[in-house]
Amino acid sequence: MSGGGESVKVAVRVRPFNTREKERGAKLVVEMEGATTRLLSVDGGEEPKTFTFDYSYWSHDGFTEQDDAVLAANPGSKYASQQNVFNDLGQGVLDNAFQGFNCSLFAYGQTGSGKSYSMVGYGPNKGIVPITCDVLFQTIEKSQGAVKYEVTFSMLEIYNEQVRDLLQKVNPKGGLAVRQNPKEGLFYVQALKKVAVGSYREIESRIEEGTSNRTVAATQMNATSSRAHTVVTIQFDQISKNESGQETKKTSVINLVDLAGSERADSTGATGDRLKEGANINKSLSSLGNVISALADLSMGKKKVLVPYRDSVLTKLLQNALGGNSKTIMIAALSPADINHDETLGTLRYADRAKKIKNKAVVNENPVEKLIRELRAENERLKTAMSGGTLPSAADQSSVNMSPEEKERMRQEMMEEIKAQLSANQEAMEDFDWDKKHAQQKEDDPSGLTDKAVMQSRKNKEPYFANLNEDNMLSGVVFYFLAASETTIGRKDADPQPTVMLSGLSISKKHAIITNVNGEITLKPYSSSCKIKVNGLPLTGARNLEHLDRVMFGSNHMFVFHNPINPKAPEGTPNNIEWDFAQKELAEARGLTAGGNLTKDQQRAQDQILELLPMVNEVNAVSEELDKHKGFEIVLLSEEAQEGNNRETKVMVKMKDLLNRNSWLWERGKFINRRYVIQDLYQRYIDGDEGIMNIPKEEDPFWEPAEDVLIGTANAFLQSLGFNLDFDGKITVTDFKGKEEGSLIVCIEPCDQKGKSIEEDDFVDEPNELLGKPYHFKVSIRNGEVHKSRFSKGLKVKYKCYNEQEFTLTNEIKDTLSPEWNHSRIVSIPSVTEDVLAYFENSSIKFSLYGKQIDSAPDSKLSKLTTKELRQMENMQDSGRKTRIGSMAPEGDGQDEAGQIKGELLLLKRKYERLEKKERRLQEICKQWEDKPREEQLFDPFYRSVSAVAYSTGSKLKTRVHMLNKIIQGHKALKEIQNGDQDKMVKEGNGKVVQANGGGGGGGGEKTEGGSRACSVM
Ligand SMILES: Nc1ncnc2c1ncn2[C@@H]1O[C@H](COP(=O)(O)OP(=O)(O)OP(=O)(O)O)[C@@H](O)[C@H]1O
Ligand SMILES: [Mg+2]
């Protein structure tokens, strides 16, 4: 027995850069030296933050991929391989398990930081869990003694505070119950399947089974998995006889936990959301943080600390692992790139706290006979209780004030509790006959052990789809073979039932048909409303699939097509297609992203777009399905288009009421939070919960009280102030897309302290002459014009001047589209400095125009339409709006012009490449014909081959591609013009007249990049 308490051991591990980080030349901000980990500041300005841990694993570089794909250390490098990590951590776990201690190992870190890589591993780079299981059985096999070993295995997932058994295909609604054992005080999962495993191979296939169940469930729920916690539990029993001949059982429970990505738990941006408590999603992870903090405080000697184990399912189940009877190790997985600096710092701080926790592990060894005797006694006690003896009676003190209904409910609950304990006891009794359980299982469940070889041989012969998931661990887990001459895809409730049954959003009963003619696979949507995308582009008719094509059905079933019969992928296709690649392609086809040299700001924005895009699509699909009359789109706010002085492009989500056209702009965090609540709501809908159709609006994630909306911004440049001159004129208000929404008449004039205009003669030749003197200027907003009648409910302007912390706000003017504010204010600068002059020279005052929105009743004609119809209408209007230069409507139908043209261009380019091939082939045929002796130059066969190749519809493709290229160049040129020259009418390439937008007008010689505020990531 180990006394006194032993600290949780903490390891940190830093992964290599991923492709995206490499492409963008990410900066490494993590250093390791011995036990020290240093986190460098992003710009090198601040001192590095230093931490020390029990184990530090440098897995960032210094390795080579061997022929068998195993990553191995280069000679002399400090690279830590999977084996190195196992040698310290996994072996330690095993040693402790053999001694009879409970052990826990959990991996913490942000999404994509390498938790699953360390715990489970990918392909031949096996992680701690499989190696530990492998070595466990090797050790068992080698041992010669008289000890009998019994291993049982279970695997569960905690998702949204519900426990799912991953060894069962079907789980009860709401998940399995978590109960507390009244005797030991520990929590357990009721009715969790625990299988007896007799070899490493058996464990391996159970893990595969669990992963496959998890993948199917995750896709069907439209859920992304990174927020699920996976817990593998291995119970390891050693039964032997002690000196006195008594049979004893040494038990070790090994918990291996792959936690959900931590930044999802971060509520940045969601803090202001009225529904932030509604999303259970972060509960387990944030409770874990609270438990760790409380335990760290306790071990630092703080008194009266309550450890909140009961707050979440995860902390209930990890109670022993944390501050209890367990030897515990935490692996903190670190992302190495500058862009993740803050999340990495969060992880390091978390790890630092965890290492303070003290556990008291004891050897769990007891005589078998005693264990059985106790179980039997307990069973008897429970049975007696069941028959009524100890249930609360009217005389019971605590139930005196209870109504009969309450008493009945309490009685029921207690009955449930007792039943659960009885069945748990029953199970425990059965566990004593492990051999029987093992034999039985093999009989009942042969399918649990799928034959890898059979699967592999099919994959070598038959064309198939392999799934892609946001979580790499869940990619390539589900396969659909397409060997039959016809394969149909659709929902389970279609008649006849389709071959491949998909469920979830935007999947039609009959969705698609796939034909296979001698290995030539053709995919066709069942009707035009069935959403399918191939390689990012919408599919409207039949199409031959090529090896490694990416196919998306509905809004979230993504697959990679494999064709072993013709395994030639189009040039430029990567060998290994991951989720990120497919997502980027989808976004690219809509003109939402671009390759090339992006600035840091643009990269960050692009990453966020790629993250949000699938979520926005999903939420739109739920809105349609539940008929919520709301539409969502991603919006990019350039620095110009935001109020205040934020210097970064902001990626936000706009929710729009499709009935009264009110809109809301949500921060990324708030949107992600809402989406969790929306997923929950949808899950309840799927589960048949009628109540959700009438939920009060306060609980409805699609509802939001009306708030003021930012109509647009306008800039007045200040150069004239440097010369003691005024600026007086009309400035254009443009929205975030660069579209003109109205105008303001403003005046900014130098004045004296009291606001009296200064004489014309007081102008200065050189701004330097103002240095050191006090300076006053008057900001006046006289009136304005707004184009859209729905903004007549109230209009006001907000602005800030030099260094001001607070915004100044005008009055709200109601019931007009030509508001007269007659606002003016004097700004005083005590003494002009170089800074002030630079401000005059380079800056502007940004005026943000706000419109009041009220929860007005919808137009009666509109309210007859469904959300789907309203969205279609909206999208049609959008594409008809000619002044739009770059919008961000994320779902294909609402694309902006540039996005649409880009998509089309992509398609045409591909067609063009094919035509070029045809042309070459025609030339070859002609050449062959010419080279033949004259007598063999037969016209008929020549004509046949030529017409076979030449038969094509794309005769004017070249011209169209050329033209489209020109239009895109036109767009670019337009932007450039706007950057340099404000407020002029510009002719677009195709002859349309477009209002150039951007900063203010009249200031003259603006130096900022005021131009188009349209999507800056193009
Ligand atoms: N030590 C490592 N060596 C090589 N590649 C790694 C390493 N760690 C992680 N990776 C790679 O980084 C990617 C992300 O890792 P992983 O899937 O383990 O992240 P995660 O932390 O489990 O993310 P999530 O929270 O989304 O589940 C994977 O492609 C993985 O192969
Ligand atoms: Mg993972």
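Everything here concerns the structure above.
Notes on the structure follow. (Residues numbered from 1 in each chain as written. Chains lettered and ligands numbered in written order. Predicted model: local features only at pLDDT ≥ 70, side-chain atom pairs only at ≥ 80, totals over all residues. Heavy atoms only, no water.)

1. Some words on the pattern of salt bridges
Piece 1. The tally for this structure, following the rule as stated, stands at 49 salt bridges.
Piece 2. Its salt-bridge partner being Glu33, residue Arg38 comes within 3.0 Å of it at the nearest N-O pair.
Piece 3. Classification of Glu33 as exposed rests on a relative accessible area of 53%.
Piece 4. Across the pair Arg179 and Glu417 runs a salt bridge whose closest N-O atoms are separated by 2.8 Å. One end of the pair, Arg179, is in strand β14 (residues 178-180); the other, Glu417, is in helix α10 (residues 404-431), and 238 residues separate them in sequence.
Piece 5. Exposure remark for Arg179: the relative accessible area of 14% places this residue in the buried category.
Piece 6. Here Glu417 falls in the partly exposed class, since its relative accessible area comes to 27%.
Piece 7. Put simply, Arg20, Arg24, Asp580 and Asp607 are held in one network by salt bridges that share partners. (Salt bridge = Lys/Arg side-chain N within 4 Å of Asp/Glu carboxyl O. Buried < 20%, exposed > 50% of the residue type's maximum accessible area, 1.4 Å probe, protein only. Helix = DSSP H or I, 4+ residues; strand = E, 2+ residues; numbered from the N terminus.)

2. Examining the packing of aromatic side chains
Remark: the centre distance and the inter-plane angle together describe each pair of aromatic rings, the angle taken between the planes.
Piece 1. Applying the stated rule across the entire model yields 25 aromatic pairs.
Piece 2. Relative to Phe236, the ring of Phe98 has its centre 4.8 Å away and its plane inclined at 70 degrees; by these criteria the two rings are edge-to-face. Residue Phe98 is found in helix α2 (residues 82-99), and its partner Phe236 is found in strand β17 (residues 229-241); the two are separated by 138 residues along the sequence. For the pair formed by Phe98 and Phe236, the shared burial category is buried. (Phe/Tyr/Trp six-rings, centres within 6.5 Å; stacked < 30°, edge-to-face > 60°.)

3. Examining the nonpolar core
If you look at soluble globular proteins, the nonpolar side chains tend to sit buried side by side.
Piece 1. Core analysis: the biggest nonpolar cluster contains 47 residues, and Leu156, Leu259, Leu288, Leu322 and Met330 have the highest contact counts within it.
Piece 2. Here this core takes six residues from helix α6 (residues 283-299), the largest share from any one element.
Piece 3. Look past the residues within four positions of Leu288 in its chain and what remains in contact with it is Leu259, Leu314, Thr315, Leu318, Leu322 and Tyr350.
Piece 4. Core analysis: the next-biggest nonpolar cluster, separate from the first, contains 40 residues, Tyr200, Ile207, Leu256 and Ile331 among them. (Core = buried A, V, L, I, M, F, W, Y, C linked by side-chain atoms within 4.5 Å. Contact = heavy atoms within 4.5 Å.)

4. Some words on the site of ligand 1
Piece 1. Every one of the 18 residues lining ligand 1 counts as a neighbour, but Gly112, Lys115, Ser116, Tyr117 and Tyr122 are closest to it.
Piece 2. Take Gly114: an N or O atom from its main chain is 3.0 Å from an oxygen atom of ligand 1.
Piece 3. Taking Ser116, its side chain carries an N or O atom lying 2.8 Å from an oxygen atom of ligand 1.
Piece 4. When the free accessible area of ligand 1 is taken as 630 Å², the share hidden by the protein chains comes to 86%.
Piece 5. Considering each element in turn, the shell around ligand 1 owes the most residues, three residues, to helix α3 (residues 115-119). (Near = heavy atom within 4 Å. Polar contact = N/O pair within 3.5 Å; in protein donor to acceptor, adjacent residues only side chain to side chain. Areas by Shrake-Rupley, 256 points an atom, 1.4 Å probe, with all protein chains shown as cover.)

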